[in-house]
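# Descriptive analysis of the structure
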Amino acid sequence: MTRLAALGFVLLSLGAPSSGFAQLPAWNRFTLDNGLEVLVVENHLTPIVTVEIAVRNGSFTEPPEYNGLSHLYEHMFFTANARDTTEDDFLGRVDDLGILYNGETQEENVQYYFTLPKQNLEAGLDFMATAIENPLFKEEELHKQREIVLGEFDRNEALPLFKFGRKVNLALWGQYISRKEKLGQREMIKKATRNMMLTIKNKYYIPNNSLLIVAGDVNTENIRSIVPKYFNSWPRGTDPFVIDPPPHIPPLAKTTFVIDTVDQPTATVMVRWHGPSIGIDDKGTYAADVFSYIIGQQEHEFTKKLQESGIAMGTNFWYYTQRNVGPIQADIVATPEKLVDAVQLFWQEVAKFDDPTYFTDDELETSKHALRIQILYNSEQLSNFSQVLGFWWASTGLDYYQHYLDNLSKITRADIRDYVHRYIQNQPYVLGVAISKEAAEKVHLDMNKLAAPKTGL
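As the structure is a prediction and not an experimental result, all values here were calculated from the model. (Residues numbered from 1 in each chain as written. Predicted model: local features only at pLDDT ≥ 70, side-chain atom pairs only at ≥ 80, totals over all residues. Heavy atoms only, no water.)

## Some remarks on the pattern of salt bridges
Evaluated as defined, the whole model comprises 26 salt bridges. A salt bridge links Asp244 to Lys203, with the nearest nitrogen and oxygen atoms 2.5 Å apart. One end of the pair, Asp244, is in the loop between helix 9 (240-243) and strand 8 (256-261); the other, Lys203, is in helix 7 (residues 194-204), with 41 residues separating them in the sequence. On the basis of relative accessibility, which here comes to 36%, the residue Asp244 falls in the partly exposed class. The partner of Asp415 in a salt bridge is Lys283, and the shortest N-O contact between them spans 3.7 Å. Of this pair, Asp415 sits in helix 17 (residues 413-423) while Lys283 sits in helix 10 (residues 282-295), and the two are 132 residues apart along the sequence. Under the relative-accessibility criterion, Asp415 is labelled buried at 15%. (Salt bridge = Lys/Arg side-chain N within 4 Å of Asp/Glu carboxyl O. Helix = DSSP H or I, 4+ residues; strand = E, 2+ residues; numbered from the N terminus. Buried < 20%, exposed > 50% of the residue type's maximum accessible area, 1.4 Å probe, protein only.)

## Notes on the packing of aromatic side chains
Evaluation of the coordinates by the stated rule reveals 41 aromatic pairs. Measuring from ring centre to ring centre gives 6.2 Å for Tyr112 and Tyr205, while their planes differ by 55°; the resulting arrangement is tilted. With Tyr112 in strand 6 (residues 110-117) and Tyr205 in the loop between helix 7 and strand 7 (210-216), the pair connects residues that are 93 residues apart, well separated along the chain. Tyr205 gets classed as buried once you look at its relative accessible area, which sits at 1%. The positively charged end of Arg93 is found above the aromatic ring belonging to Phe127, 5.9 Å away from the centroid. In this structure, Lys180 is placed above the aromatic ring of Trp173, and the distance from its NZ or CZ to the ring centre is 4.7 Å. (Phe/Tyr/Trp six-rings, centres within 6.5 Å; stacked < 30°, edge-to-face > 60°. Lys NZ or Arg CZ within 6 Å of the ring centre and 35° of its normal.)

## What to know about the sheet that holds strand 11 (residues 327-334)
Taken in spatial order, the five strands make up an open sheet running 8-12-9-11-10, and their pairing is mixed. At either margin of the open sheet sits one strand with a lone partner, and together these are strand 8 and strand 10 (314-319). Sheet twist, expressed as the average angle between the axes of neighbouring strands with direction ignored, equals 10°. The pairing of strand 8 with strand 12 (residues 430-435) spans six bridges and is classified as parallel. (Pairing = 2+ DSSP bridges. Axes fitted to C-alpha atoms, helices over the stretch in contact; angles between N-to-C directions.)

## Some remarks on the nonpolar core
Core analysis: the largest hydrophobic core is formed by 73 residues, its most contacted members being Trp273, Phe317, Phe346, Trp347, Phe353, Ile416 and Leu431. Setting aside residues no more than four positions away along its own chain, Leu431 makes contact with Thr256, Phe257, Val258, Val269, Met270, Val271, Val343, Trp347, Met447 and Leu450. Grouped together as the second largest cluster of nonpolar side chains are 54 residues, Ile53, Tyr66, Leu121 and Leu150 included. (Core = buried A, V, L, I, M, F, W, Y, C linked by side-chain atoms within 4.5 Å. Contact = heavy atoms within 4.5 Å.)

## Here's the deal with the packing of helix 1 (residues 69-77) against helix 7
At a closest axis distance of 10 Å, the pairing of helix 1 and helix 7 adopts a crossing angle of 90°. Classified by the angle their axes make, helix 1 and helix 7 are roughly perpendicular. Contact residues: helix 1 offers Leu69, Ser70, Leu72, Tyr73 and Met76, while helix 7 offers Met196, Met197, Ile200 and Lys201. For the contact of helix 1 with helix 7, the per-class residue count stands at seven nonpolar, one polar and one charged. (Parallel < 35°, antiparallel > 145°, perpendicular 65-115°, else oblique. Nonpolar A, V, L, I, M, F, W, Y, C, P; charged D, E, K, R; others polar.)

## Here's the deal with helix 4 (residues 139-157)
Over its 19 residues, helix 4 runs 26 Å from end to end, which matches the ideal 27 Å to within 8%, given 1.5 Å per residue. Among the residues of helix 4, those classed as buried are Glu141, Leu142, Gln145, Arg146, Val149, Leu150, Gly151 and Phe153. Contacts from the buried residues of helix 4 go to helix 1, helix 2 (87-97), helix 5 (162-173), helix 6 (186-190) and helix 7. (Expected span 1.5 Å × (residues − 1).)

## Remarks on the pairing of strand 12
Among the six residues that make up strand 12, six are buried, leaving the element largely enclosed by the rest of the structure. Going residue by residue along strand 12, you find Val430, Gly432 and Ala434 tucked away on one face and Leu431, Val433 and Ile435 tucked away on the opposite face as well. As judged from the five bridges shared by strand 9 (residues 267-274) and strand 12, these two strands associate in the antiparallel manner. When the bridges of strand 12 are listed, Met270 appears paired with Gly432.

## Thoughts on the side chain of Ser277
Secondary-structure assignment places Ser277 in the loop between strand 9 and helix 10. Residue Ser277 is classed as buried on the basis of its relative accessible area of 6%. Of note is the side chain of Ser277, whose polar atom sits 2.9 Å from the backbone nitrogen of Val325. (Polar contact = N/O pair within 3.5 Å; in protein donor to acceptor, adjacent residues only side chain to side chain.)

Below you can see the structure in the form of structure tokens.
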């Protein structure tokens, strides 16, 4: 699977659910005059607060020449600003306030978070506001952070399956590959300039494209009164998705095969489909999550047939929720000698995905309950929950996430069958194989033997 009414505020609270099930932690929500949404999650167990900013930015906003620059911008956030005029000043303030900090760049959002003692809340809000509103992008610091990001790229590139994964993604996304590569491209990162950082800031780092989350030992009314002091000066900007909407990725036109030679004893198979998009087929995203959970259990036929039989060494099947086409992903690891048998068995299982007997009513209901428990468990730590909120606010909107658990519980067999028909069976896909050159020659690898059968699929 898978953000209050004085001074122009409108107060909204997460209401009590209609079902009898346990729900996500409650939050309160208000919007400043400049369009900045604010979420407050109260939890008074420990005197700690997390302050987070989420921005609708990330690789989905990146044309090829900007690919990887949202991630570089994230690194530049933790350097000089108008008050803390060197990186050392920034880090000194971090130490003075007792802050644990980090940032994260995804396809459809970028997040920055400070976790600090309750008594330093106002100073933390002031610090966050200054950093987000007034970065300096000093040339020497840009050079340093560019090298750090390139080092991160190098470490990823050194992984055995990195290039293979990129080849599969290129086949899956085509000319829109930059919109799905959050790490970016080396050459684009090397060419990044201060003016490009300023372009990103002026276009996306505006209050009406951002969310402030304050979570922990706080009082909502107090947050309502102090947040404007630090964030009202942040000027509203033009909605970037009105003036420059990201292109919607078109459906796959045909099935494509990819092969890559790697120095490893096993063969790795990646099968990818275009899945449902938020805002276009929300129900499909819930069905995708439930179905992936069902067949991912060790006791389910899908896993047992492929792994307990010894044909496959490992399998995985999941869906990644996104607004602009979430991918459905299956992975198989096998010995080269069993590669064809493993993939053919995989397709035999895929052919049964819509069979009424493929999973029981108990498996359906148990999976929905288990997903609920997993999501609730992950919301217990507020610093983690704030990051989850930021992710879903950017990619799906909070209404989707607020009602996720209830909508999950409504998924039926018919919904899953519709999902399977619309996105998997008889649909174009990308199938990639990573195998050593020697093994491919030894087993006389023929990619056509790995294709889905023409009948039933």
